[in-house]
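If you want the building blocks of each chain, they are given just below.
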Amino acid sequence: AGGFYLRVLPGWLIRNGIRALNARGERCTLYIHPRELSTRQPRVRLAPKDHLVFYWGIRGVEPKIRSLLREFAFTSFSSVLDEEEKKLRSGVPLNG
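Asks: So what's going on with helix 4 (residues 61-71)? Residues and values would help.
Replies: Those residues of helix 4 not exposed but buried are Val61, Lys64, Ile65 and Leu68. Take helix 4 and look down its axis: the buried residues cluster within an arc of 95 degrees, on one side only.

Asks: I'd like to hear about the environment of Glu71, residue by residue, with values.
Replies: Residue position: Glu71 is located in helix 4. According to the relative accessible area criterion, Glu71 is partly exposed, its value standing at 37%. The sequence separation of Glu71 and Arg15 amounts to 56 residues, and the corresponding C-alpha distance is 8.6 Å. A distance of 2.5 Å separates polar atoms of two side chains, one belonging to Glu71 and the other to Arg19.

Asks: Any details on the packing of aromatic side chains? Residues and values, ideally.
Replies: In this description, a pair of aromatic rings is defined by centroid distance and the angle of the planes. Under the counting rule described, the total for this entry stands at two aromatic pairs. Aromatic pair Phe4 and Tyr5: ring centres 5.8 Å apart, planes at 75 degrees, arrangement edge-to-face. Accessibility expressed as a relative area gives 29% for Phe4, which makes it partly exposed. Residue classification places Tyr5 among the exposed positions, given a relative accessible area of 55%.

Asks: Let's hear about the layout of surface pockets: which residues, and what values?
Replies: Here the largest pocket is characterised by a volume of approximately 410 Å³. Every residue lining the largest pocket is counted, 16 residues in all, and those nearest its centre are Arg27, Cys28, Thr29, Phe74 and Thr75. Of the residues forming the lining of the largest pocket, the biggest block, three residues, is contributed by helix 5 (residues 77-90). Here the lining of the largest pocket is composed, by residue class, of nine nonpolar, five polar and two charged.

Criteria and cut-off values
Residues numbered from 1 in each chain as written. Predicted model: local features only at pLDDT ≥ 70, side-chain atom pairs only at ≥ 80, totals over all residues. Heavy atoms only, no water. Buried < 20%, exposed > 50% of the residue type's maximum accessible area, 1.4 Å probe, protein only. Helix = DSSP H or I, 4+ residues; strand = E, 2+ residues; numbered from the N terminus. Arc of directions from axis to C-beta. Polar contact = N/O pair within 3.5 Å; in protein donor to acceptor, adjacent residues only side chain to side chain. Phe/Tyr/Trp six-rings, centres within 6.5 Å; stacked < 30°, edge-to-face > 60°. 1 Å grid on protein atoms, 1.4 Å probe; cavity = no way out; pocket = protein on both sides within 12 Å on 5 of 7 lines; lining within 4 Å. Points joined across faces, edges and corners; volume = space filled by probe spheres on them. Nonpolar A, V, L, I, M, F, W, Y, C, P; charged D, E, K, R; others polar.

Nothing here speaks to function; it is geometry throughout.
If you want it as structure tokens, here you go:
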């Protein structure tokens, strides 16, 4: 989840999705655009649809991320790639 979907979907739905993935042993990728953490960014004049996609829910991103960070353990892409490389070298199937 990330970008528009992180801003628009309710926190409970995102948490349920992460729990479902984790229950199957899968990872959740969460990403944000840096501008989504800046509520004081200058507003760009856009067409109504683009304005909605670009700005909808931007004020709620930081609290939503803070809540997710309290509830779930996250790591970096670099750590995941290192872990997968170690598995590959040891003969363990990826995502296994």
